[in-house]
Structure formats: C-alpha cells, structure tokens
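# Summary of structural features
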Amino acid sequence: MIEAQNITRRVRGRALLDDVTLTPPAHAITGLLGPNGSGKSTLLRILAGLQRPDHGRVLVDGADRATIPRRALARRIAIVTQHVPADVDMSVRDVLLLARIPHRPALAPATMDDHRRAEEALDAAGLPGIGDRRWSQLSGGERQRADIARALLQDPAVLLLDEPTNHLDIRHRLALFHRLRASASTVVTALHDLDLAAAFCDHVALLHDGRLIAAGTPAEVLTPATIRRVYQVEADVTAGDDGRPRIRVVP
Ligand SMILES: Nc1ncnc2c1ncn2[C@@H]1O[C@H](COP(=O)(O)OP(=O)(O)OP(=O)(O)O)[C@@H](O)[C@H]1O
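Residues numbered from 1 in each chain as written. Predicted model: local features only at pLDDT ≥ 70, side-chain atom pairs only at ≥ 80, totals over all residues.

## A word on the sheet that holds strand E7 (residues 158-162)
This is how it is decided: Strand pairing requires that DSSP identify at least two bridges connecting the strands. Helix and strand labels come from DSSP, where a helix needs a run of H or I of at least four residues and a strand needs a run of E of at least two; each type is numbered from the N terminus. Axis angles are defined between N-to-C directions and span 0 to 180 degrees, where every axis is a line fitted to C-alpha atoms and, for a helix, only to the segment in contact.
Reading across from one edge, E6-E7-E8-E3-E9-E10 is the order of the six strands in this open sheet, with mixed pairing throughout. Unpaired on one side and paired on the other, strand E6 (77-80) and strand E10 (211-216) mark the two borders of the sheet. In this sheet, neighbouring strand axes are inclined to one another by 15 degrees on average, regardless of whether the strands run parallel or antiparallel. Two strands pair when backbone bridges link them, and E7 and strand E8 (residues 186-190) are joined in this way by five bridges, in the parallel orientation. By the bridge assignment, Leu 160 is partnered in E8 with Val 188.

Right, dumping it as structure tokens:
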C-alpha cells in the first residue's frame, strides 16, 4: 500500500537516510524504532510527502507518489507530527473538521455527517464535549489525542504517526494502541518505547544512523544483541505467554 524504495536524504553532505527500503505490511502496525537522530521523523516526513528524498521513491498502491494528485493523497495518507502545532486559533471541532475536506467537493461546507463524526472521534479519544474549546488552550496530551483523532477522522488508508505517545499517560498510551489495532489503516509509527512496540506492533523496522539495520517481527528484531548494538544498553529479553518479547533494560 505504501512503500519506501531506496530512500536517501542528504543535508550538507551528511546522509540522514541512506538507501532505506521499507515495506510496511498492509492493515498492520509497523513500529519505526531507533535512537535519537536515527532518521525516523525524516522517513515519516518523506512517506507523507512533506520532504523529498534525494534518491529513491515512495510508492502508494504501486504508483509513484509524485504522480498522484495532492487531493487523492490526502484521502489516503494522514500524518501526526511529533510536535503538534499549538498556535492554532481555531476551535477543536474546526480543526477536526479539516480532516473531512479531501472527502467532499472543493469549497463544499462540512456536512451534518462530518459534524457527527467529529464529535464521535472526540468521544473515542476520551475528549467528549471539548469541540468548542480553543485548540491552543488544550494540554499537550489533550492536543496530541485530538490530533490523532483528526488523523483517524481522515479515514486514511495509511496513518503515519511520529512519537504519538510522547505526551500521553500510560492509560491513554494503551487506549491509543488498542484503537490502532482495531483500525483498518496501515499504520507506521515512530516509537521510543520498546515494550509498547513489542506488545502492539506486527512489524518493526530499526534505524541506526540513517540505515535500516533490521526489520521483522518484534521477536526477530528486538534481541539483546541488536538492542546493545543500536541503543548501547543491556537488556533482558524474555518471551511472554503471547510469544511477544518482554524487554527489561538493565539499569
Ligand atoms: N533540516 C535538517 N537539516 C540538517 N539536519 C537535519 C535536518 N532535519 C533533521 N536533521 C538531522 O537528521 C538526523 C535525523 O533526524 P530525525 O528527526 O529524522 O531523527 P529521529 O530518529 O526522528 O530522532 P528523534 O528520536 O530524536 O526524534 C538528526 O541528526 C537531525 O539532527
């Protein structure tokens, strides 16, 4: 559905991404892992079309994304960036309704159904009744949850999330991943929390210095040797009853 082929991105001679090929399985959750500065956000931004690669291409349903009209892409791909903009002078409801624009004729106003769905999206995000609040007045965690609700309201075939849990408390982290698991979208999410990745991702891809060094199931990728190599920490990894790895970083 979405595919990165041989992506290289250089800035002032330095490779932020070096020949990265990623094929996230459709309708599954792919965790994009790697230390700070390893290239996760850059890859997500290139997948979303917010940045261009110097080499390589992104395919969407088999077609080069550069050839697909913006509006058609907006119906298929949604992104939640790491730093959700706060200085937006709009109501929460109006921000969410932006997600429906690609789904209706140009310049047509939001429909009753759009309004109903926006309220439902806020309810599902655990934010009932906040539609009239100003976006700029939400807390960091509320804004992150509302922005994820906006992206889901876009009904994207591909949902790209950059550190979607960095402002969320533990309950809302779990709630988010249960929702992602229930969604039909192909999800690619940058994550620092290896336990969360092990528990919920179907597939993980590990970046290190702009290179993809491992990809596969969490059990295949999240081994003590790989964690040591990439994160330079010692970790005990055991298999849970569900076969998924449980990771305990040795202090
Ligand atoms: N516009 C830019 N110009 C120069 N360097 C950049 C630019 N954007 C990103 N970088 C550098 O590219 C590298 C990869 O950054 P990126 O944000 O993709 O990493 P990341 O894996 O998402 O990191 P983090 O986990 O800290 O969010 C970093 O070293 C960063 O400093």
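## So, the UniProt feature "domain: ABC transporter" (unreviewed entry) in the protein
Applied cut-off: UniProt positions are given in the numbering used here, feature names are shortened, and annotations may be inferred rather than shown by experiment.
Residues annotated in UniProt with the feature "domain: ABC transporter" (unreviewed entry) correspond here to residues 2-234. Secondary structure over residues 2-234 splits into 35% helix and 25% strand, and the C-alpha atoms at its two ends are 34 Å apart.

## A few points about the nonpolar core
So the rule is basically this: Linking buried Ala, Val, Leu, Ile, Met, Phe, Trp, Tyr and Cys residues through C-beta atoms within 7 Å yields a set, and such a set is a nonpolar core. Counting other C-beta atoms within 10 Å of its own, a residue is labelled buried from 20 upward, exposed at 12 or fewer, and partly exposed in the gap between, with every C-beta atom placed from the backbone. Contact between two residues is assigned whenever their backbone-derived C-beta positions fall within 7 Å.
Leu 32, Leu 43, Leu 44, Leu 47, Leu 96, Ala 149 and Leu 160 are the most contacted members of the largest nonpolar core, which has 64 residues in total. Top element by residues in this core is helix H5 (residues 140-153). It accounts for six residues. Ignoring anything within four residues of it in the chain, the contact list for Leu 47 reads Ile 2, Ala 4, Val 58, Leu 160 and Val 188.

## Here we look at helix H4 (residues 112-124)
Here is the rule we go by: To estimate the expected span of a helix, count its residues, drop one, and scale the result by 1.5 Å. Here the arc refers to the directions that run from the helix axis out to each C-beta atom.
Here H4 spans 18 Å end to end across 13 residues, near enough to the 18 Å set by a 1.5 Å rise per residue. Every buried residue belonging to H4 is among Ala 118, Ala 121 and Leu 122, and all of these are buried. What you see down the axis of H4 is that its buried residues fit within an arc of 95 degrees, all on one side. Pointing more than 90 degrees away from the buried face of H4 are the exposed residues Met 112, Asp 113, Arg 116 and Asp 123. Among the structural elements, helix H3 (92-97) and H5 are those in contact with the buried residues of H4.

## Let's talk about the environment of Arg 145
Mapped onto the elements of the fold, Arg 145 is located in helix H5. Look at Arg 145 and you get buried, because 25 C-beta atoms sit within 10 Å. With 22 residues separating them in the primary sequence, Arg 145 and Asp 123 have C-alpha atoms 11 Å apart. Discounting residues that sit within four places of it in the chain, Arg 145 has contacts with Ala 125, Gly 126, Leu 127 and His 172.

## Things to note about the pairing of strand E9 (residues 203-208)
The buried fraction of E9 amounts to five of the six residues, a majority that puts the element mostly inside the structure. When strand E3 (residues 29-33) meets E9, the two strands line up parallel, connected through four bridges. Each bridged residue has a counterpart across the sheet, and for Thr 30 the counterpart in E9 is His 203. Note that E9 and E10 share five bridges and pair antiparallel. Residue pairing across strands places Leu 206 opposite Ala 214, the latter belonging to E10. In sequence, E9 turns back onto E10 through a hairpin of two residues, with Asp 209 there showing a positive phi of about 50 degrees.

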